[in-house]
Amino acid sequence: MAKPDRNTFQNRLNELLNSIRQNISSGVYKPGDYLPAETALADQFQLSKNSVRIILEKLTEEGLIIKLPRVGTQVAARPLQTVVRFGVYPSLYEEANIGELIARFEKEHPSIRIEQLKLPYFQAESTKQLLQSGIVDVITLNHTDYLHFREFGNLNVLEHFSPQQEVYPFLNALFAAEEGKVAVRPFIFSPVVICYNKAHFQQRRLFEPDSSWDWQDLREALGKLSAPNRFGLFFHISSYTRWPIFFLQNQAKFQRDEEGLLSLTDPDALSLLRFLRELIHEEGLFPLVMSFGEHDAEKLFKQQKVSVILTTYYRLNQLMDAEFPFDIAQLPKSRSHDTQLLTTGIAVGAMSAQKEEAKCFAEFLLSEESQTYIRRHTFSLPSNKWVTETTQPELPNKPARLELHRELIPHYATHDRLQLTFDEIQVLGGCLGQYFSELVDEEGLIRLFNKQLKHDRSLSNR
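Let us look at the structure shown here.

Rules behind the numbers
- Residues numbered from 1 in each chain as written.
- Predicted model: local features only at pLDDT ≥ 70, side-chain atom pairs only at ≥ 80, totals over all residues.
- Heavy atoms only, no water.
- Helix = DSSP H or I, 4+ residues; strand = E, 2+ residues; numbered from the N terminus.
- Rg over C-alpha atoms; globule rule 2.2 N^0.38 Å.
- Contact = heavy atoms within 4.5 Å.
- Areas by Shrake-Rupley, 256 points an atom, 1.4 Å probe, with all protein chains shown as cover.
- Lys, Arg positive; Asp, Glu negative; His and termini not counted.
- Charge placed at Lys NZ, Arg CZ, Asp CG, Glu CD.
- Core = buried A, V, L, I, M, F, W, Y, C linked by side-chain atoms within 4.5 Å.
- Buried < 20%, exposed > 50% of the residue type's maximum accessible area, 1.4 Å probe, protein only.
- Expected span 1.5 Å × (residues − 1).
- Salt bridge = Lys/Arg side-chain N within 4 Å of Asp/Glu carboxyl O.
- 1 Å grid on protein atoms, 1.4 Å probe; cavity = no way out; pocket = protein on both sides within 12 Å on 5 of 7 lines; lining within 4 Å.
- Points joined across faces, edges and corners; volume = space filled by probe spheres on them.
- Nonpolar A, V, L, I, M, F, W, Y, C, P; charged D, E, K, R; others polar.
- Axes fitted to C-alpha atoms, helices over the stretch in contact; angles between N-to-C directions.
- Parallel < 35°, antiparallel > 145°, perpendicular 65-115°, else oblique.
- Left-handed = near helix turned anticlockwise from the far one by under 90°.
- Phe/Tyr/Trp six-rings, centres within 6.5 Å; stacked < 30°, edge-to-face > 60°.
- Pairing = 2+ DSSP bridges.

**Some points on the overall build of the chain**
The helix and strand tally for the chain stands at 20 helices and 14 strands. The C-alpha radius of gyration of the chain comes to 24 Å, within 12% of the 23 Å expected for a compact globule of 462 residues. Along the first, second and third principal axes, the C-alpha set of the chain runs to 70 × 55 × 45 Å. Once local pairs closer than 6 in sequence are excluded, the contacts in the chain between residues at least 24 apart make up 70%. Carbon together with sulfur atoms contributes 49% to the accessible area of the chain, which is approximately 20700 Å² in total. Averaging the coordinates of the 51 positive side-chain charges in the chain and doing the same for the 59 negative ones gives two points 4 Å apart.

**Considering the nonpolar core**
Most often, soluble globular proteins keep nonpolar side chains buried together rather than apart. Ranked by internal contacts, the top residues of the largest apolar core, which has 129 residues, are I98, L158 and F187. Sort the elements by how many residues they give to this core and strand β6 (residues 185-197) lands first, with 8 residues.

**Re helix α1 (residues 6-26)**
Under the 1.5 Å per step criterion, the end-to-end length of α1 is 30 Å for 21 residues, consistent within 8% with the ideal 30 Å. Among the residues of α1, those classed as buried are N7, R12, L13, L16, L17, I20, R21, N23 and I24. Contacts made by the buried residues of α1 are with α2 (38-45), α3 (49-61), β1 (65-68), β2 (72-75), α5 (98-108) and α13 (296-302). Looking one or two residues past α1, G27 carries a phi angle of roughly 90 degrees, positive in sign.

**Remarks on the pattern of salt bridges**
For the coordinates displayed, the defined rule picks out 26 salt bridges. A salt bridge links K355 to E159; its shortest N-O distance comes to 3.2 Å. Here E159 lies in the loop between α7 (143-151) and α8 (169-174) and K355 lies in helix α15 (residues 355-366), a separation of 196 residues in the sequence. According to the relative accessible area criterion, K355 is partly exposed, its value standing at 22%. With a relative accessible area of 18%, E159 lands in the buried category. Where R185 meets E363, a salt bridge forms, and the shortest distance between an N and an O atom there is 2.8 Å. With a gap of 178 residues between them, R185 in strand β6 and E363 in helix α15 connect regions that are remote in the sequence. Owing to a relative accessible area of 39%, E363 belongs among the partly exposed residues under this scheme. The network of salt bridges with shared partners includes E38, R53 and K67.

**Some words on the layout of surface pockets**
In this model, the largest pocket occupies a volume close to 1400 Å³. Lining the largest pocket are 49 residues, with Q10, N14, N18, Y93 and G99 positioned closest to its centre. Contributions of two or more residues to the lining of the largest pocket are made by α1, α3, α4 (92-95), α5, β4 (112-118) and α16 (368-377). Its volume calculated, the second largest pocket comes out at about 490 Å³. Lining the second largest pocket we find 24 residues, and of these Y121, F122, N142, T241 and L342 sit closest to its centre. Of all elements in the fold, only α7, α14 (313-316) and β12 (339-348) reach the threshold of two or more residues within the lining of the second largest pocket. Looking at side-chain class alone, the lining of the second largest pocket contains 6 nonpolar, 13 polar and 5 charged residues.

**Quick word on the packing of α5 against α16**
To characterise two packed helices, one gives the angle between the axes of the helices and the distance between these axes. Between α5 and α16, the shortest axis-to-axis distance is 11 Å and the interhelical angle comes to 150 degrees. The orientation of α5 with respect to α16, classified from their angle, is roughly antiparallel. Like other packed secondary-structure pairs, α5 and α16 cross with a definite hand, here right-handed. Across from E100, L101, R104 and E108 in α5, the residues of α16 making contact are E369, S370, Y373 and I374. By residue class, the composition of the contact of α5 with α16 is 3 nonpolar, 1 polar and 4 charged.

**Considering the packing of aromatic side chains**
Scanning the entire structure with this criterion turns up 21 aromatic pairs. Taking the centre distance of 5.6 Å and the plane angle of 75 degrees together, the rings of W243 and F247 count as edge-to-face. When sorted by exposure, W243 lands in the same class as F247, which is buried. When the centroid spacing of 6.0 Å and the interplanar angle of 75 degrees are considered together, the rings of F254 and F449 count as edge-to-face. You can see F254 sitting in strand β8 (residues 254-256) and its partner F449 sitting in helix α20 (residues 442-460), a full 195 residues away along the chain. With a relative accessible area of 2%, F254 lands in the buried category.

**Structural notes on the pairing of β12**
Counting buried residues in β12 gives 10 out of 10 residues, a clear majority hidden from the surface. Of the pairings in the sheet, the one linking strand β5 (residues 138-142) to β12 comprises 5 bridges and is antiparallel in character. When the sheet's bridge partners are listed, L141 is paired in β12 with G345. As paired elements, β6 and β12 share 6 bridges and run antiparallel to each other. Bridge assignment links S190 to a residue of β12, and that residue is L342.

**Thoughts on the environment of P382**
Within the element layout of this structure, P382 appears in strand β13 (residues 381-382). Here P382 falls in the buried class, since its relative accessible area comes to 0%. On a C-alpha basis, the gap between P382 and S190 in space is 9.0 Å, while along the polypeptide they are 192 residues apart. Among all residues touching P382, those that are not within four sequence positions of it are Y168, F187, I188, F189, Q371, I374, R375, V387 and T388.

This is how it looks when you write it as structure tokens:
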């Protein structure tokens, strides 16, 4: 069997660790029960026996199991604990090593057990219902979902806090509630950047991207980078964290008429979108298959099938074991040099029955200790400004321009600047597929957008 790459190996370790923890917490394995043999666990999770033993040692240190020589591994008796239910986006297990942070918290607070529940992305209504019913006590919430909470007057389901002074001020501003309070406390953040294969640029004797580049400069470079079985550029064009950039950079804003139909205040604001459509249909520059998943850009980049991708500091964690040198640069400019800012925060449910324990856990995730751990062991950017600007990641294959995020702060933008509602953002994203497939032009895109909005509103009013 081929040796798994580093990410696959780490994912298998995490799967084994979380599986045993979950089975113990849910009662599948009760105190006094014996775990399956090491060989059985190794076969089940495609790991070596030595790797299984490492996980069992960790669980022993956490007090969850007891290793009995020549007998087996037994589930330990647990003291009475308060259970805090934590709703978490699945990507945070990679982006912030959230599984390790939970383990550290439980070791420091043996009277509290964290029960993990994976939250869906861009399903704010479902998350609100989980909070209202008290099913979750603490959640992760990104800025997009937060805007949905704010738009529909649901910030009352979240506990409000004073902003943390050590957090970047622009992050606190994104989650502002009533005057002087935040409903969500920033946890990690990232701008969208370009990531490029340095070897490909060197092979073609091309200068690497810098802050003077516009999109035409990139397009010219892509034409020289393309090769058989290799494209110049790729990103998931339907992603809510990518396509708004091409509106934001052209300073697009929408306005409504008396019937609620939308139009652009400046029709030329779609010129960059038109440029992108031309680029993706130019032979050799962009893979035309539109069925790629949200995170396939990094996979294709690691396989060296594309030379440049639009990505984030979060997704750079996929490239830790890349076998070639890569670096990052700011997005090329159009009317502005803006880039989209992505932020995930920690919120405590106002209806939580374990509010004090929930607050204790939230404070731990936002503590300097946890933020420093994230900074050292991931490429993600902690919200704590002191930590982010005084601590360096302890990782191999680190991009030379990793601190680029500091230069980009004046250019951070979020999609609410488009003056569209949460639902309108979703509808527009769905319409773009026809535009990029050349089934409609710019005017047709706006007509399609309004037609779909009217249809959705009529359904919701029934």
